[in-house]
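Chain and residue survey
In case you want the letters, here they are:
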Amino acid sequence: MSYVWATLYLSLLFAVLGLHILSLPANWVLLGLVALWGWLAPGAHFGWQFYALLIGLAVVGEVIEFVAQYYGSKKYGATGKGNLGGMLGAIVGALFGAPFFFGLGALAGAIAGAYFGCYFFERHQGRDKAEARHAAWGAMYGKVLGMATKIGLGGAMWVAAVQKIWP
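This write-up is about the structure you can find in this document. (Residues numbered from 1 in each chain as written. Predicted model: local features only at pLDDT ≥ 70, side-chain atom pairs only at ≥ 80, totals over all residues. Heavy atoms only, no water.)

1. Describing the overall build of the protein chain
Looking only at helices and strands, one finds six helices and zero strands in the protein chain. Put simply, the protein chain runs from its N terminus to its C terminus through helices and strands in the order α-α-α-α-α-α. C-alpha extents for the protein chain along the principal axes are approximately 65 × 35 × 15 Å. Within the span of the protein chain, comprising 167 residues, buried residues form 41% of the whole. Sequence-distant contacts, at least 24 apart, represent 67% of the contacts inside the protein chain between residues at least 6 apart. For the protein chain, the exposed surface amounts to about 9200 Å²; the carbon and sulfur share of it is 76%. Side chains of the protein chain give 10 positive and 5 negative charges; the mean places of these two sets differ by 2 Å. (Helix = DSSP H or I, 4+ residues; strand = E, 2+ residues; numbered from the N terminus. Buried < 20%, exposed > 50% of the residue type's maximum accessible area, 1.4 Å probe, protein only. Contact = heavy atoms within 4.5 Å. Areas by Shrake-Rupley, 256 points an atom, 1.4 Å probe, with all protein chains shown as cover. Lys, Arg positive; Asp, Glu negative; His and termini not counted. Charge placed at Lys NZ, Arg CZ, Asp CG, Glu CD.)

Okay, structure coming up:
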């Protein structure tokens, strides 16, 4: 019976990774559910090193997502305010996109929001259309790279959980 429960719980943890598509904190939810298993399951002794690994992966994912967008837009010539616009645009885009396409709009909204937020702030700073567009592409590329890395780290967290939870 322990195989059935482990399979069901690991399936739930894998499904939680889908929250990334909705721009929700999937890695942190996964961490919380793993901790719940460790608390509820008899004989589960994960240890502080395991939890430190999961917390470290989740934190690194968040940092890389932020840094990738920051450096992506900087590399393409964004100003500090353009960078801020890209960050804010990604958040607003994810919120406004969430109701569309069964929640998948949040992913597209975050990416488009990074582009348009950076573009708007760059234009507001007096930069011409070509410069603003170039900087906005960098913000968008960085956002995509950061999100992909964060999702990959969530997968690594899931693999680590499988090794601990599977009987």
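2. Topic: a nonpolar patch on the surface
Nonpolar side chains collect at one region of the surface, where Trp-28, Ile-55, Val-59, Val-63, Phe-66, Val-67, Tyr-70 and Tyr-71 lie side by side and expose about 710 Å² of accessible area between them. With seven residues, helix α3 (residues 47-75) is the single largest residue contributor to the nonpolar patch. Relative to the elements of secondary structure, Tyr-71 occurs in helix α3. The exposure class of Tyr-71 is exposed, given its relative accessible area of 53%. (Patch = residues over 30% accessible without salt bridge, like charges linked within 9 Å, V, L, I, M, F, W, Y side chains within 5 Å. Salt bridge = Lys/Arg side-chain N within 4 Å of Asp/Glu carboxyl O.)

3. A few points about the layout of surface pockets
Taken as a whole, the largest pocket holds about 420 Å³ of empty space. Contributing to the lining of the largest pocket are 20 residues, with Ser-23, Glu-65, Ile-91, Lys-143 and Lys-150 lying nearest its centre. When contributions to the lining of the largest pocket are tallied by element, the ones reaching two or more residues are α3, α4 (80-97) and α6 (129-165). A per-class count over the lining of the largest pocket returns 13 nonpolar, three polar and four charged. (1 Å grid on protein atoms, 1.4 Å probe; cavity = no way out; pocket = protein on both sides within 12 Å on 5 of 7 lines; lining within 4 Å. Points joined across faces, edges and corners; volume = space filled by probe spheres on them. Nonpolar A, V, L, I, M, F, W, Y, C, P; charged D, E, K, R; others polar.)

4. Looking at the packing of α4 against helix α5 (residues 105-124)
The geometry of α4 relative to α5 is characterised by a closest axis approach of 6 Å and an angle of 150° between their N-to-C directions. Relative to α5, α4 is oriented roughly antiparallel. The way α4 lies across α5 gives a crossing that is right-handed. In this structure, α4 uses Lys-81, Gly-82, Asn-83, Leu-84, Gly-85, Gly-86, Leu-88, Gly-89, Ala-90, Gly-93, Ala-94 and Gly-97 to contact α5, whose residues at the interface are Gly-105, Ala-106, Gly-109, Ala-110, Gly-113, Ala-114, Gly-117, Cys-118, Phe-121 and Glu-122. (Axes fitted to C-alpha atoms, helices over the stretch in contact; angles between N-to-C directions. Parallel < 35°, antiparallel > 145°, perpendicular 65-115°, else oblique. Left-handed = near helix turned anticlockwise from the far one by under 90°.)

5. Brief notes about the pattern of salt bridges
Across all of its chains, the model carries five salt bridges by this definition. The salt bridge involving Glu-62 is made with Lys-150; its shortest N-O contact spans 3.3 Å. One end of the pair, Glu-62, is in helix α3; the other, Lys-150, is in helix α6, with 88 residues separating them in the sequence. Overall, Lys-150 belongs to the buried group, its relative accessible area being 10%. Note that Lys-143 is salt-bridged to Glu-65, the shortest N-O span being 3.1 Å.

6. Re the environment of Val-162
As for its placement among the helices and strands, Val-162 is situated in helix α6. Judged by its relative accessible area of 22%, Val-162 is partly exposed. For the pair Val-162 and Leu-13, spaced 149 residues apart in sequence, the C-alpha to C-alpha distance is 9.2 Å.

7. What about the nonpolar core?
By size, the foremost hydrophobic cluster in this structure holds 23 residues, and its most contacted members are Leu-13, Val-34 and Ile-165. Those elements that provide at least two residues to this core are α1 (2-16), α2 (26-40), α3 and α6. Apart from the residues within four sequence positions on either side, Val-34 is in contact with Leu-13, Phe-46, Phe-50, Tyr-51, Leu-54 and Ala-161. (Core = buried A, V, L, I, M, F, W, Y, C linked by side-chain atoms within 4.5 Å.)

8. Some details on α4
Along its 18 residues, α4 runs 25 Å from first to last C-alpha, staying within 8% of the 26 Å computed at 1.5 Å per residue. Where α4 is buried, its residues meet α3, α5 and α6. (Expected span 1.5 Å × (residues − 1).)

Just geometry here; none of it tells us what the structure is for.
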